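Understanding the architecture of this molecule
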Amino acid sequence: MTRRALIAGNWKMNMLRAEGEALAAALASGLKPGMAADLLVCPPATLLAPVSAVLAGSAVALGAQDCHMRDSGAHTGDIAAVMLKDLGAAYVIVGHSERRADHGEDDATVKAKAGAALAAGLTPIICVGETEAQRDSGEAEKIVGGQILGSVPDGASQSGIVIAYEPVWAIGTGRTPTVDDIAAMHAHMRHVAGRMLDGAGALRLLYGGSVKPGNAAEILALEDVDGALVGGASLKAEDFLAIAAAVA
Ligand code: PGA
């Protein structure tokens, strides 16, 4: 089963309009025909419309960093998945560890958001990952398996969702698990997800946490790693394109 790689940039709470438009334009023009990966950028909500306009007609896809679980209603400050779809988004990140930590999102919330994304015609990128204490106590696989079981919506298909493994302790720290640890976790994730999705040969599994041009090739070469979710290094076109180019 060949799975097309996805290199996703999570801009987090960074970039004002001029910078975001310039970055999107640099990615659109830097994308080489015949590249082995799909490229996706997830700007902050304020930049979805201007970045969508810059990316129109390019092969770089647009995604959001979060969505609400309902389609409309009295939810001040929130954004519905159908609204993101309406703006031209194709993907939405749900359950990022920063949302789980800063906004108290649990697996049930993440599952509802991912379900709303699917219903709106978006591909949810469902994030999972253990803390350092959980890894140190040997619980990483149990925690990540539990998050998958709790966060993947009912009725999801293998090709309709993406799951990103982001160890909390590797995000923004410059530290990454060993390639053996990433390989073992991704094999475990495919096994767990396969039980829910009736197989997982077509499911894309991303690795995220301190991915850079210097470590991308060895991580992306792993059999069960189908791309990367990139934070810091996605803010520079040169670095993000170098990561995408590392996909063999
Ligand atoms: P990082 O962030 O690449 O800056 O570690 C990854 C993420 O949080 O998605």
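Residues numbered from 1 in each chain as written. Predicted model: local features only at pLDDT ≥ 70, side-chain atom pairs only at ≥ 80, totals over all residues. Heavy atoms only, no water.

**Examining the packing of helix H7 (residues 140–151) against helix H8 (residues 179–197)**
Interaxial distance between H7 and H8 falls to 10 Å at its minimum, and their mutual angle equals 35°. Read as a crossing pair, H7 and H8 show a hand that is right-handed. Listed contacts from H8 to Ala140, Glu141, Val144, Gly145, Ile148 and Leu149 of H7 are Ala184, Met185, His188, Met189, Val192, Ala193, Arg195 and Met196. Tallied by class, the residues present in the contact of H7 with H8 amount to ten nonpolar, two polar and two charged. (Axes fitted to C-alpha atoms, helices over the stretch in contact; angles between N-to-C directions. Helix = DSSP H or I, 4+ residues; strand = E, 2+ residues; numbered from the N terminus. Left-handed = near helix turned anticlockwise from the far one by under 90°. Contact = heavy atoms within 4.5 Å. Nonpolar A, V, L, I, M, F, W, Y, C, P; charged D, E, K, R; others polar.)

**Description of H7**
Look at H7: 16 Å from first C-alpha to last across twelve residues, which is about the 16 Å you get at 1.5 Å a residue. Regarding H7, the residues found buried are Ala140, Val144, Gly145, Gln147, Ile148 and Ser151. Looking down the long axis of H7, one finds its buried residues gathered within 160° of arc, a one-sided arrangement. Among the structural elements, helix H4 (97–102), helix H5 (107–120), strand E5 (123–128), helix H6 (132–136), strand E6 (162–165) and H8 are those in contact with the buried residues of H7. (Expected span 1.5 Å × (residues − 1). Buried < 20%, exposed > 50% of the residue type's maximum accessible area, 1.4 Å probe, protein only. Arc of directions from axis to C-beta.)

**Describing the layout of surface pockets**
In this structure, the largest pocket spans a volume of roughly 550 Å³. In this structure, the largest pocket is lined by 22 residues; those nearest its centre are Pro44, Ala45, Gln65, Asp66 and Arg99. Considering each element in turn, the lining of the largest pocket owes the most residues, three residues, to H4. Considered class by class, the residues forming the lining of the largest pocket number ten nonpolar, six polar and six charged. As a volume, the second largest pocket reaches approximately 240 Å³. Contributing to the lining of the second largest pocket are 14 residues, with Leu220, Leu222, Glu223, Val225 and Asp226 lying nearest its centre. Class assignment of the residues belonging to the lining of the second largest pocket gives a composition of nine nonpolar, two polar and three charged. (1 Å grid on protein atoms, 1.4 Å probe; cavity = no way out; pocket = protein on both sides within 12 Å on 5 of 7 lines; lining within 4 Å. Points joined across faces, edges and corners; volume = space filled by probe spheres on them.)

**Concerning the sheet that holds E6**
Read once around its circumference, the closed barrel built from eight strands follows the order E1-E2-E3-E4-E5-E6-E7-E8, with strand pairing classed as parallel. Averaged over all pairs of adjacent strands, the angle between their axes in this sheet comes to 25°, without regard to strand direction. The sheet contact formed by strand E4 (residues 91–94) and E5 spans four bridges and is parallel. Counterpart to valine 92 in the pairing with E5 is proline 124. (Pairing = 2+ DSSP bridges.)

**A short note on helix H1 (residues 17–30)**
For H1, with 14 residues, the first-to-last C-alpha span of 20 Å sits near the 20 Å given by 1.5 Å per residue. Within H1, the full set of buried residues consists of Gly20, Leu23, Ala24, Leu27 and Gly30. One side of H1 carries all its buried residues, which in axial view fall inside an arc of 140°. The exposed residues of H1 that point more than 90 degrees off its buried face are Arg17, Ala18 and Ser29.

**Thoughts on the site of the ligand**
Close contacts around the ligand come from 13 residues, with Lys12, His96, Glu166, Gly172 and Ser210 the closest. Here an oxygen atom of the ligand and a side-chain polar atom of glutamate 166 are 2.7 Å apart. Separating an oxygen atom of the ligand from a backbone N or O atom of glycine 172 is a distance of 2.6 Å. Contact with the protein chains hides 95% of the accessible area of the ligand, taken as 280 Å² for the molecule alone. For the shell around the ligand, the class distribution of residues is four nonpolar, seven polar and two charged. (Near = heavy atom within 4 Å. Polar contact = N/O pair within 3.5 Å; in protein donor to acceptor, adjacent residues only side chain to side chain. Areas by Shrake-Rupley, 256 points an atom, 1.4 Å probe, with all protein chains shown as cover.)

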